[in-house]
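# Inside the fold
Below are the chains, spelled out letter by letter.
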Amino acid sequence: APLPQSLVVLKVCSLSPWFQMFAAEENVDFRIHVENQTRARDDVSRKQLRLYQLYSRTSGKHIQVLGRRISAKGEDGDKYAQLLVETDTFGSQVRIKGKETDFYLCMNRKGKLVGKIAFGLFIFSFPFFFFFFSLFLPDGTSKECVFIEKVLENNYTALMSAKYSGWYVGFTKKGRPRKGPKTRENQQDVHFMKRYPKGQMEIQKPFKYTTVTKRTKRIRPTNPS
């Protein structure tokens with residue numbers, strides 16, 4: 001038998017808050033959440049470490065971290081062109097460090113690309129002078145050394161400064177760094193391609209799983225009588 005009309009109306013009215021909540025959830029723009037989480041630092045999650053080179057579209061060479069100096073003149077397999085790239089968040093923020101020099105690729109407030117050393121390495125190397133030089137030594141762990149990876153439509157990668165929005169890592173045809181304010185996302189100067197060094201595959205630390213077993217009885221050695 002069909003349900004009475006009053007009962008049908010009652011059922012629909014009782015479910016209306018659920019429908020409103022479902023509709024609200026459907027209209028949620030998750031891009032805002034992703035952008036906010038990408039900007040935030042993630043000190044809890046396990047960092048992902050990769051080793052590769054960054055091929056410059058304009059210079060035809062690879063980015064080099066030569067201590068404080070940065071260039072894009074490295075040949076394929078050059079020791080200064082091998083970069084250790086560490087994810088800084090769950091999203092696309094990365095830190096880039098030269099494997100040979102232990103200096104980080106950074107962009108200062110003037111938009112200049114410079115290499116900076118992490119305080120941890122400096123403390124280990126010069127513990128007695130740390131408190132004096134820490135006032136003047138640039139810190140490789142600052143936000144100036146964090147970049148946002150952007151995968152472009154042409155499959156190249158662009159690196160935008162996380163601190164100075166709109167400023168990109170870029171190089172001229174001669175491999176000289178471009179200042180951040182003079183760069184744009186659509187310029188070939190800021191386009192890079194990831195390449196593994198010659199004869200090397202990707203270095204990625206695997207997850208380690210620990211198996212917990214029942215505690216076994218300790219066997220005490222018996223003294224010979």
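Residues numbered from 1 in each chain as written. Predicted model: local features only at pLDDT ≥ 70, side-chain atom pairs only at ≥ 80, totals over all residues. Heavy atoms only, no water.

Per an unreviewed UniProt entry, the recorded name for the protein chain is FGF18 factor, and the organism is Copsychus sechellarum. The annotation that UniProt attaches to the protein chain under Sequence similarities (unreviewed entry) is "Belongs to the heparin-binding growth factors family." (UniProt positions renumbered as here; feature names shortened; annotations may be inferred.)

What follows covers the pattern of salt bridges. This model, assessed by the stated rule, comprises 8 salt bridges. With a shortest N-O distance of 2.5 Å, E75 and K61 are connected by a salt bridge. Residue E75 is located in the loop between strand 3 (69-74) and strand 4 (83-87), and its partner K61 is located in the loop between strand 1 (49-56) and strand 2 (62-66); the two are separated by 14 residues in the primary sequence. Among the salt bridges present, the one from D189 reaches R178, with a minimum N-O distance of 2.4 Å. Remark: R178 occurs in the loop between strand 9 (157-161) and strand 10 (192-195) and D189 occurs in the loop between strand 9 and strand 10; sequence separation between them is 11 residues. Classification of R178 by relative accessible area gives partly exposed; the value is 30%. In this structure, a network of salt bridges that share partners links the residues K116, E144 and K163. (Salt bridge = Lys/Arg side-chain N within 4 Å of Asp/Glu carboxyl O. Helix = DSSP H or I, 4+ residues; strand = E, 2+ residues; numbered from the N terminus. Buried < 20%, exposed > 50% of the residue type's maximum accessible area, 1.4 Å probe, protein only.)

Mapped onto the fold, S71 is located in strand 3. In this view, S71 contacts H62, I63, Q64, L66, F171 and G175; residues no more than four positions away in its chain are not counted. (Contact = heavy atoms within 4.5 Å.)

Attention now moves to unusual backbone geometry. The residue D102 is not glycine, and still its phi comes out positive at about 65 degrees. Structurally, D102 is set in the loop between strand 5 (93-98) and strand 6 (103-107). For D102, a relative accessible area of 28% gives the class partly exposed. A positive phi angle is found at N155, which is not glycine, with a value near 75 degrees.

Glancing now at the pairing of strand 4. When you tally the buried positions in strand 4, you get 4 out of 5 residues, the bulk of the element. Where strand 4 lies against strand 5, 5 bridges are found, and the strand directions are antiparallel. Pairing of L83 across the sheet is with G98, part of strand 5. (Pairing = 2+ DSSP bridges.)

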